[in-house]
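# Observations on the three-dimensional arrangement
The primary structure of each chain is shown beneath.
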Amino acid sequence: MRVLDQLEEKEGFTTNEKSIAEYVISEKENVLYLTIQELAQKTYTSHSAIIRFVQKLGLAGYKEFTIKLAQEFQKVNKQEKKTNPNYPFTPEEQPIEIAKELANLMSYVVEKTYHFLEDDTLENVSHLINDSERIFIYALGDSQIRAKSFQNKMIKINKYVVIATELSEWSYHSKNLTPSDCAIFLSYHVKSKELIREASYLAQKNVPILSITAASNNALTSQSTHTILVPNEEDKFSKIGTFSSQISFEYVLNTIYSCIYKLDYDRYKQSLIDAARSVSGEKEE
C-alpha cells in the first residue's frame with residue numbers, strides 16, 4: 001500500500017502519528033528536505049516517535065520513508081488531474097467536448113490505477129484464480145456489470161465463474177464454497193454490511209478471498225487473502241456517475257484475465273478458437 005494512502009487514511013494512528021501525517025500531507029515535497037530531527041521539531045514530537053511512525057508504515061527507516069515519498073510525489077505530479085471524476089463535464093459543453101473530457105478521465109484513471117498495481121500481487125492472484133476449481137464473484141450495483149464482463153471472458157477459457165450476488169442467493173453459494181474455490185469481492189467504498197458478513201464467513205471456512213477496492217484497512221480487506229487497491233477518486237454521494245470506479249475495476253479485471261491467460265497461453269488461445277468455431281458451426285478440417 002502506498003505511503004500517501006496510509007497518511008491520508010490514518011488508520012490505527014496515535015494522536016502524535018496523526019499530527020505527523022497531517023504535517024507531511026500539508027507540506028508535501030518540503031518534507032523531503034527535512035532531517036528526522038527537524039521533522040520531529042516541526043510536528044512537536046520526538047526522534048523516537050518519527051522512527052515508530054515510519055515503521056508503522058512498513059518501512060525500515062527514515063531514509064526509506066523520504067525515498068518512497070519522493071517517488072510517490074513524482075507519480076502524483078505526473079498524473080495531475082485535468083478532469084473532475086465526479087463532474088467531468090459542465091452543462092455548457094458541446095457533445096464533442098464532453099467526449100474529450102471523458103477520454104481524459106479514462107486515461108487519467110487507468111494511469112493512476114496502474115501505479116497502484118504490484119507485480120507480486122498480480123502474479124499470486126492470477127495463479128490463485130487459475131488453480132481454483134470455481135470462482136465466485138460478490139459485487140453489487142454497477143460493479144456487477146464489471147463482474148459479468150469478467151465472467152464472460154473467463155467462461156470462454158473454460159473457467160467456472162458464478163456471480164454469487166446476481167440473484168440475491170448469496171447464502172446458498174457461500175455455504176457451498178470450499179478452500180479449493182476462490183471468492184472475488186468488488187466493492188469501491190465497502191458500504192455493504194452483507195458483503196463484509198459474507199467475507200467473514202468465507203474466511204472462517206478458509207476460502208481464498210481477493211478484494212478489489214478503494215477502501216484499504218477495513219473489515220473486508222482484513223478478511224482477504226489478497227487485496228488490490230484502486231484510486232479513491234469518487235465521492236460517495238455527489239457525482240454524475242460511477243465513472244472512475246468502474247474504469248478502475250474494468251482495467252484491473254482485464255489485467256487479471258490477461259495474466260491468467262498468459263499462464264497457459266497456447267491452450268487458452270486454442271480454447272477460444274474452438275469456442276468460436278462451435279458457435280459459428282465451423283468444423284475443423
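All values reported here derive from a predicted model rather than from experimental measurement.

## Considering the pairing of strand 3 (residues 182–186)
With five of its five residues buried, strand 3 lies for the most part within the structure. Side chains of strand 3 alternate between two faces, with Cys182, Ile184 and Leu186 and Ala183 and Phe185 buried alike. Inspection of the sheet shows strand 1 (residues 135–139) paired to strand 3 by five bridges, in the parallel sense. The residue of strand 3 that forms the bridge with Ile135 is Cys182.

## Some details on unusual backbone geometry
Of all residues except glycine, most have a negative phi; of all peptide bonds, most are trans. Of note in the backbone geometry, Lys10 takes a positive phi value of approximately 55 degrees without being a glycine. Its location among the elements puts Lys10 in the loop between helix 1 (3–9) and helix 2 (15–27). Residue Lys10 is classed as buried on the basis of its relative accessible area, which comes to 18%. Within the chain, Asn158 stands out as a residue other than glycine whose phi angle is a positive 65 degrees. By the secondary structure assignment, Asn158 is in the loop between helix 8 (142–155) and strand 2 (161–163).

## As for the pattern of salt bridges
Per the stated rule, a full pass over the model turns up seven salt bridges. For Arg134, the salt bridge is made with Asp181, and the minimal N-O distance between the two is 2.7 Å. You can see Arg134 sitting in the loop between helix 7 (119–131) and strand 1 and its partner Asp181 sitting in the loop between helix 9 (170–176) and strand 3, a full 47 residues away along the chain. Given the relative accessible area of 22%, Arg134 is considered partly exposed. According to the relative accessible area criterion, Asp181 is buried, its value standing at 1%. A salt bridge links Glu250 to Arg146, with the nearest nitrogen and oxygen atoms 2.8 Å apart. Of this pair, Glu250 sits in helix 11 (residues 243–263) while Arg146 sits in helix 8, and the two are 104 residues apart along the sequence. Under the relative-accessibility criterion, Glu250 is labelled partly exposed at 23%.

## Here's the deal with the confidence of the model for the protein chain
Mean pLDDT over the protein chain: 88, with 94% of residues reaching 70 or higher. Per-element mean pLDDT across the protein chain ranges from 80 in helix 5 (residues 62–78) up to 97 in strand 3.

## Quick word on helix 7
The first and last C-alpha atoms of helix 7 sit 18 Å apart over 13 residues, in line with the 18 Å expected at 1.5 Å per residue. Those residues of helix 7 lying buried are Thr121, Leu122, Val125, Ser126, Leu128, Ile129 and Asn130.

## Structural notes on the packing of helix 2 against helix 4 (residues 47–56)
At a minimum axis separation of 10 Å, helix 2 and helix 4 run at an interaxial angle of 80 degrees. Between helix 2 and helix 4, the angle falls in the class roughly perpendicular. In this structure, helix 2 contributes Glu17, Ile20 and Ala21 to the contact, and helix 4 contributes Ala49, Ile50, Phe53 and Lys56. Counted by class, the contact of helix 2 with helix 4 contains five nonpolar, no polar and two charged residues.

## Here's the deal with the nonpolar core
Counting 31 residues, the largest nonpolar core has Ile129, Ile137, Met154, Ile212 and Ile256 as its most contacted members. Only helix 7, strand 1, helix 8, strand 2, strand 3, strand 4 (209–213) and helix 11 provide two or more residues apiece to this core. The greatest single-element share of this core, amounting to seven residues, is contributed by helix 11. With residues near it in sequence (within four places) discarded, Ile137 still touches Ala147, Phe150, Val161, Val162, Ile163, Ala164, Thr165 and Ile184. In terms of nonpolar packing, the next biggest core, distinct from the first, is built from 22 residues, Leu57, Tyr62, Phe65 and Phe73 among them.

## A short note on the pairing of strand 4
Counting buried positions along strand 4 yields five of five residues, so the element is predominantly enclosed. Alternating positions in strand 4 separate into two faces, Ile209, Ser211 and Thr213 on one and Leu210 and Ile212 on the other, with burial throughout. Relative to strand 4, strand 3 is paired through four bridges, and the arrangement is parallel. Among the inter-strand pairings, Ala183 is bridged to a residue of strand 4, identified as Ile209. Running through helix 10 (residues 193–204), the crossover from strand 3 to the neighbouring parallel element strand 4 is right-handed.

Here is what the cut-offs are and how they apply
Numbers given to residues run from 1 along each chain, matching the order in which its sequence is written. Residues qualify for local features only when their pLDDT is at least 70, as the model is predicted, and side-chain atom pairs are given and counted only at 80 or more; totals for whole chains, interfaces and linings, by contrast, use all residues. Calculation of side-chain values draws on the structure's entire complement of heavy atoms; hydrogens and water are dropped beforehand. Each residue is assigned to one of three classes by its accessible area relative to the maximum for its type, calculated with a 1.4 Å probe on protein chains only: buried under 20%, partly exposed between the two thresholds, exposed over 50%. Numbering goes from the N terminus for both helices and strands, where a helix is a DSSP run of H or I of at least four residues and a strand is a run of E of at least two. By this definition, two strands are paired if DSSP reports at least two bridges between them. The term salt bridge refers to a pairing of a side-chain nitrogen on Lys or Arg with a carboxyl oxygen on Asp or Glu at a separation within 4 Å. Looking at any residue, its pLDDT shows the predictor's confidence there, from 0 to 100. One fewer than the residue count of a helix, multiplied by 1.5 Å, yields its expected span. Lines fitted to the C-alpha atoms define the axes, with helices restricted to the stretch that makes contact. Angles between their N-to-C directions range from 0 to 180 degrees. The scheme is simple: roughly parallel for angles under 35 degrees, roughly antiparallel for over 145, roughly perpendicular for 65 to 115, oblique for anything else. Contacts: residue pairs with any heavy atoms within 4.5 Å of one another. Ten residues, namely Ala, Val, Leu, Ile, Met, Phe, Trp, Tyr, Cys and Pro, are considered nonpolar, four, namely Asp, Glu, Lys and Arg, are considered charged, and the remaining ones, Gly among them, are considered polar. Grouping buried Ala, Val, Leu, Ile, Met, Phe, Trp, Tyr and Cys residues that are joined through side-chain atoms within 4.5 Å yields what is termed a nonpolar core. A clockwise path from the first strand over the helix to the second, with the strands pointing away from the viewer, defines a right-handed crossover.

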